[in-house]
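Listed here are the chains, written in short residue letters.
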Amino acid sequence: MIPYDMTADDAGDRLANFEKELLVLPAVKSYLLPAFHLAQERLDWLPPESIVVISSHLRIPLSEVYATATAYSELRLEKPQYGAWYMCTGVACEAAGAQRLIDAVDIAPEKLGRIDCQFLCSLAPVCTDHHGKILGRLTADRVRAFFMEDIGD
Amino acid sequence: MTIQHTFLEAIRQESRRQPISKLFIHKGTCGMATDIVSVCEELGIIDMAMSLNAEIIETSCDGRCWAAPSVTVQKIDDAGAAYSRRFDRIDLGIDLEEFNKVLDLTTVHNVFDDGVTGLASRFGQLDGSLLAAVELGAYSVAEKVFLQDQKTILSKIETSKLSGRGGAHFPTGLKWKLAAQNAGPRYLVVNAEEGEPGVFKDRHLLEADPHRLIEGILICCYAVGVEKAFVYVNGQAHKAIESLLTALDQAKNYGILGSEFLPEEMSVDIEVRAGAGGYVCGEESVILNSIEGERPVPRFKPPFATDQGLWGMPTVINNVETLAAVTTLWQDSPPPTKLVSLSGNVTRPGVYEVPADGTLSWNGFLLSAGAELETVPALLLGGPSGIFLPRDKFEERIEMKNIGAGGIFVLSPESSVREITNALAGYNERESCGECTPCREGTIRLTKLLQQETVDLEKVEELIEVMEEASLCMLGGMAGRPVKSAIENFPATWISVDR
Ligand SMILES: Cc1cc2nc3c(=O)[nH]c(=O)nc-3n(C[C@H](O)[C@H](O)[C@H](O)COP(=O)(O)O)c2cc1C
Ligand code: SF4
Ligand code: FES
């Protein structure tokens, strides 16, 4: 998905569509995290405009909405830079040679980051592509092939 | 009574058990991670199965992650008996002649259980429909249990000695009883956050057999008197969420969640919530705050959730597996079993079901997973809050109190206990939510102390003691556990750097 960009032509439409869907959620505090998820699903991150809309629909002070959003590591408060893949360097993947793989594939660190356990240790070593898809039982060739294919599209 | 019985029976009637051959493609997260789709295409096995009139079924991982990418071929004969054979690691090739023979019923094998007993028994043999699940026993325990009164059910859970599978092993029967004693409305929160590194069994359960969880939820709601249940699922577990939502829709559409199936006067609403955080977001009071829309940080305890949970009302919080295990308690051969997530230095890593009553030894279990015991110096049980079990203890039996949520990592001769311990300490430091000082500061200091060339063990122990005593939640409270265990079991490691 293309991340929401307030300077893009479709910014107004995307925000309005998000707001329309948001209004379907019950206007109670309990729906704060579902509201964040909805914003992230539709806009790919939580731009300040979305936070304002959420705050007014759920009637939660803006400062509190921000404080809560920042407490969740998987919510994105900045526009994501795409292209990065993440190699799992958890205990099982490290033991299965994650570091050797990172060295062998020789992909720039901003394109191939590191991440904690991805909960598929039985297929270590694993990595996660930028759509969140997990690839398992990796070899250097496999990483290179998928990475090149992905970056190519 | 009869109405309920006819109800499930009617669903079974709709089912399509007839002489047929089936190709099960294990397309769960494990299959997808090992390119099952393109591998099947390259081998031409879907075309071949279709030419033999086999029904193609997309299903989950059957727990044998090591076998992925894999397919299972099944033939049901005229008498209704099913014969199956799984083809493992088909990326390395497949014997097509053999494949043909199974579809023809020329050779018979059976890799599937009968699907009726055991926690993992339906893994990898459902097609995502409610019919298939019901055919293999789903909701049949609830159907029976709904004929009993709440008191009988609560005492059954208590005598079965089922304990919490989220890691703390609190007695489930007692938890339910405590909540049931308090005036309602009462809530149930299902903890499907599964954020502990090294654990992947709840994702497998949700992807493979979501109706077993729903059945467990219904039994809990009936026994405790709950009208609203939340299932809080890890936000990154996309396939698990999808599978659960589909199953809930099916249960609604077939009337399983309505008055046709539920006992008189019982009604329950089940809502799925996705999480968005790290390790601490699996701590129960963090989930309560998250569902209420508060900041996801732990609460002081007491009050405990069974007294004052969601919105101050009595709340049962149970792990996915705990509730799923409830459905096995009325089967012929209790006691309950435990799912474990096995990774590391073994031939067959995956999700295993082990007896929870201490009848299996570590040696026996490891051998069954293809470990060469002489190459295994130790196990790490329970990840960042866990302990090391050195080889000289492999004779011991597997006990619930030692295994936490069931994450088992098998070390190899190349493993460095010290490096692993430091990595776990670093992980706890990153995942500390910062809400309380003993953990926020303590995890940073612990990592630093451990990185010294010669570690000051006295200081480490003092620090851990403070963290254990004064942390707000068990992330800080147990962060020192692997460190203490490493020092106790591998003392030489800490005298100097071991590499
Ligand atoms: C840091 C931390 C993380 C936890 N993560 C999980 C988790 O991912 N899943 C889970 O079921 N329990 C987790 N727990 C345990 C829960 O707090 C709670 O004990 C459990 O959900 C109770 O259910 P049970 O009795 O059925 O095990 C965690 C606890 C702590 C301290
Ligand atoms: S112990 Fe750690 S994770 Fe738990 S509340 Fe304190 S700082 Fe947060
Ligand atoms: S350590 Fe990499 S998936 Fe768990």
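Since we're looking at a predicted model, the values are computed, not measured.

### Notes on the sheet that holds strand β1 (residues 20-26) of chain B
All names here are of chain B.
And step 1. Taken in spatial order, the four strands make up an open sheet running β2-β1-β3-β4, and their pairing is mixed. Single-partner strands in this sheet number two, and they are β2 (55-59) and β4 (82-87). Across the sheet, the axes of successive neighbouring strands diverge by a mean angle of 20 degrees, strand direction being ignored.
And step 2. Judged from the five bridges that link them, β1 and β2 form a sheet pairing that is parallel. By the bridge assignment for β2, isoleucine 25 is matched with glutamate 58.

### Looking at the domain arrangement of chain B
Interfaces are frequently sized by the accessible area removed from exposure as the parts join.
Residue and element names in this part refer to chain B.
And step 1. Split by domain assignment, chain B resolves into domain 1 (2-115), domain 2 (140-326), domain 3 (337-410) and domain 4 (417-493).
And step 2. Centre-to-centre separation of domain 1 and domain 2, based on C-alpha positions: 31 Å.
And step 3. Opposite the 16 residues of domain 1 that make contact, domain 2 presents 16 residues.
And step 4. Connecting domain 1 to domain 2 are zero salt bridges.
And step 5. Summed over the shared surface of domain 1 and domain 2, the number is two residue pairs in polar contact (both at pLDDT 80 or more).

### What about the site of ligand 2?
And step 1. Taken together, 13 residues sit near ligand 2, with B:Cys433, B:Gly434, B:Cys436, B:Cys439 and B:Cys473 positioned nearest.
And step 2. Its residues assigned to classes, the shell around ligand 2 comprises eight nonpolar, four polar and one charged.

### Regarding the interface of chain B and chain A
And step 1. On the chain A side, the residues contacting the 48 residues of chain B number 32 residues.
And step 2. The three residues of chain B that bury the most area against chain A are B:Ala33, B:Arg273 and B:Ala276, which together make up 18% of that side's buried surface.
And step 3. Along the contact surface separating chain B from chain A lie 16 residue pairs in polar contact (both at pLDDT 80 or more).
And step 4. Among the elements of the structure, α2 (29-33), β7 (269-274), α13 (284-292), β9 (337-344) and α17 (417-431) of chain B are those that each provide at least two residues to the side of chain B that touches chain A.
And step 5. Broken down by element, the residue count for the side of chain B that touches chain A peaks at five residues, all from α17(B).

### Details of the pattern of salt bridges
Residue and element names in this part refer to chain B.
And step 1. This structure, assessed with the given rule, holds 31 salt bridges over all chains.
And step 2. Among the salt bridges present, the one from aspartate 62 reaches arginine 64, with a minimum N-O distance of 3.6 Å.
And step 3. The shortest N-O distance in the salt bridge between arginine 165 and glutamate 321 comes to 3.9 Å. Highlighted residues: arginine 165 in the loop between α8 (150-159) and α9 (172-181) and glutamate 321 in helix α14 (residues 320-326), separated in sequence by 156 residues.
And step 4. Look at arginine 165 and you get buried, because its relative accessible area is 1%.

### Some remarks on the packing of α8(B) against helix α11 (residues 210-224) of chain B
Residues and elements named next belong to chain B.
And step 1. Running from N to C, α8 and α11 cross one another at 120 degrees; their axes reach a closest spacing of 8 Å. Between α8 and α11, the angle is such that the two are oblique. The two elements α8 and α11 cross, and the hand of that crossing is left-handed. Taken together, the residues of α11 that come into contact with α8 (itself represented by Gln150, Ile153 and Leu154) are Ile219, Tyr222 and Ala223.
And step 2. Of the residues belonging to the contact of α8 with α11, the class tally is five nonpolar, one polar and no charged.

Reading the values: the criteria
- Residues numbered from 1 in each chain as written.
- Chains lettered and ligands numbered in written order.
- Predicted model: local features only at pLDDT ≥ 70, side-chain atom pairs only at ≥ 80, totals over all residues.
- Heavy atoms only, no water.
- Pairing = 2+ DSSP bridges.
- Helix = DSSP H or I, 4+ residues; strand = E, 2+ residues; numbered from the N terminus.
- Axes fitted to C-alpha atoms, helices over the stretch in contact; angles between N-to-C directions.
- Domains from an automatic or database assignment.
- Contact = heavy atoms within 4.5 Å.
- Salt bridge = Lys/Arg side-chain N within 4 Å of Asp/Glu carboxyl O.
- Polar contact = N/O pair within 3.5 Å; in protein donor to acceptor, adjacent residues only side chain to side chain.
- Near = heavy atom within 4 Å.
- Nonpolar A, V, L, I, M, F, W, Y, C, P; charged D, E, K, R; others polar.
- Buried area = accessible area lost by both parts, 1.4 Å probe.
- Buried < 20%, exposed > 50% of the residue type's maximum accessible area, 1.4 Å probe, protein only.
- Parallel < 35°, antiparallel > 145°, perpendicular 65-115°, else oblique.
- Left-handed = near helix turned anticlockwise from the far one by under 90°.

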